[in-house]
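# Structural features, examined
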Amino acid sequence: MSESQSQSQPQQSLSPPPQQGELLSVAVAAEGGDKVTSEQAFSWTPPAMRFDVAPYRTHHFCRQFRSRGNPNNFLKGVKWSPDGSCFVTSCENTTLRVFHLSEYESNYETRSFSEDPDEDSYVASVVITEGESIYDFCWYPFMSASDTTSCVFATTTRDHPIHLWDSTTGELRCTYRAYDAMDEITAAFSVAFNPSATKIVAGYNKTLRVFDLHRPGRDFVQHSKLKGSKEGQSGILSALAFSPSHNGMLATGSYDQSVAIYREDNMELLYLLHGQEGGITHVQFSKDGNYLYTGARKDPYILCWDVRNTVEIVYKLYRSTEYTNQRILFDIEPYGRHLATGGQDGLVHVYDLQTGHWTSSFSAASDTVNGFSFHPFLPMAASSSGHRRFATLDDSEEDLSLSTSENCASVWSFS
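Small disclaimer: the values here were computed from a predicted structure and weren't measured.

### Some details on the nonpolar core
Grouped together as the largest cluster of nonpolar side chains are 19 residues, with contacts concentrated most on Ile162, Leu164, Tyr176, Phe193, Ile200 and Phe211. When residues of this core are traced back to their parent elements, those giving at least two are β9 (152–157), β10 (162–166), β11 (172–176), β14 (190–193) and β15 (199–203). Once you skip the residues sitting within four places of it in the chain, phenylalanine 211 turns out to touch Ile162, Tyr176, Arg177, Ala178, Thr198, Lys199, Ile200, Ala202, Tyr204, Gly217, Asp219 and Phe220. Counting residues in each nonpolar core, the second largest holds 16 residues, with Met49, Ala365, Val369 and Phe372 among its members.

In structure tokens form, the structure reads like this:
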């Protein structure tokens, strides 16, 4: 649908993404050197990540997430920026915090965790407060700290439109608004940028809406995911993921326990997958785009699907999530060989994706590890923990106090 565009916030233009397959010539410094392509000039191999030994904590944050008299201000997730210069956390009290790592380029190997466990490593550089509970958030794919116009991430919250935030200043860049049949704003439950960073795709109840990134307001294209023949996905579309291999695939997870794979260009349904025991909370493609990993609430397994042959599940990866409705985020490391996921037991489990076998585990917190995100190119990762606590009439405020290993965020080194 298309309606007149309206916008109340000033807008900054994002830098255009590089064209698909475009090769730029780069001059070699030596005299008379031949020109090489950008792929040759900037080819780089990420440092090896060691999973045979336990990682060590380099940074720790807990005090700034505390809310006096409210033990339920727990973290809900953490995600590294695409350029690796910072990460953002989401909290139950509707705040997002951006932590910049100014030393990430050179000192990540020697940086050590403060000896005082009661002190945070440092305070967040940016704190953003949303109006309602945060459903989902994601980074602009071509975000780079050297280009401030690209330093943005999108959020979706209850009863609010999609917001595009400046990660350096905390200012609201613009909004993307969807309206229902009563002309009232309806909130998205999931949000993602397409690989070329020209569109924002958002999941609603049985519906996907696609916004043009450079045209904020109320203009969008709507795609119903439940056809007249009842083929497709019903319920809330709670998770989105695009294939990183640019094969044009979009995966969507629904609270009806199904996962669908669509063509990005025309939203044609390619596959509809069933196998999870609860509503889908996370979907992610492998680095080569040939496999899809799905996780669900109150389901102790992450399922691996081969998108070239979806008849059977390839293997299952265990995690302690059989008793929680929380969204437990997992991630795949830069090499694409291992997947790490948290759970209610406070452990992070690492699995070999070639075999589906368990590789190692380590204790990341004393409560539920609900978020885990690998650095995009360094042997580092960030974790977040916390869960809702229900107090009884006999509980005092002291009984509800949290330790420094609960409701916390940490940065880990795997070198």
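There's more to say after this.
### Quick notes on unusual backbone geometry
Of note in this structure, threonine 94 is not a glycine but carries a positive phi near 70°. Inspection of the secondary structure puts threonine 94 in the loop between β5 (86–91) and β6 (95–100).

### Comments concerning the confidence of the model for the protein chain
Here the protein chain averages 85 in pLDDT, while 80% of its residues score no lower than 70. Per-residue pLDDT stays below 50 along residues 104–113; that stretch engages in 27 contacts with residues further than four places along the chain or on separate chains.

### Let's talk about the sheet that holds strand β28 (residues 347–352)
Strand order in the open sheet formed by four strands is β26-β27-β28-β29, and the pairing between neighbours is antiparallel. The two strands at the open ends of the sheet, each matched to only one other strand, are β26 (330–332) and β29 (358–363). Adjacent strand axes in the sheet meet at a mean angle of 20° when their direction is disregarded. As defined by bridge partners, β26 adjoins strand β27 (residues 338–341) across three bridges and the pair is classed as antiparallel.

### Observations regarding the environment of threonine 169
With respect to the helices and strands, threonine 169 occurs in the loop between β10 and β11. Accessibility expressed as a relative area gives 46% for threonine 169, which makes it partly exposed. For threonine 169 and threonine 148, which are 21 residues apart along the polypeptide, the C-alpha to C-alpha distance reads 9.7 Å. A polar contact of 3.2 Å, which involves the side chain of threonine 169, links it to the backbone nitrogen of glutamate 171.

Conventions we followed
- Residues numbered from 1 in each chain as written.
- Predicted model: local features only at pLDDT ≥ 70, side-chain atom pairs only at ≥ 80, totals over all residues.
- Heavy atoms only, no water.
- Core = buried A, V, L, I, M, F, W, Y, C linked by side-chain atoms within 4.5 Å.
- Buried < 20%, exposed > 50% of the residue type's maximum accessible area, 1.4 Å probe, protein only.
- Helix = DSSP H or I, 4+ residues; strand = E, 2+ residues; numbered from the N terminus.
- Contact = heavy atoms within 4.5 Å.
- pLDDT = per-residue confidence, 0-100.
- Pairing = 2+ DSSP bridges.
- Axes fitted to C-alpha atoms, helices over the stretch in contact; angles between N-to-C directions.
- Polar contact = N/O pair within 3.5 Å; in protein donor to acceptor, adjacent residues only side chain to side chain.

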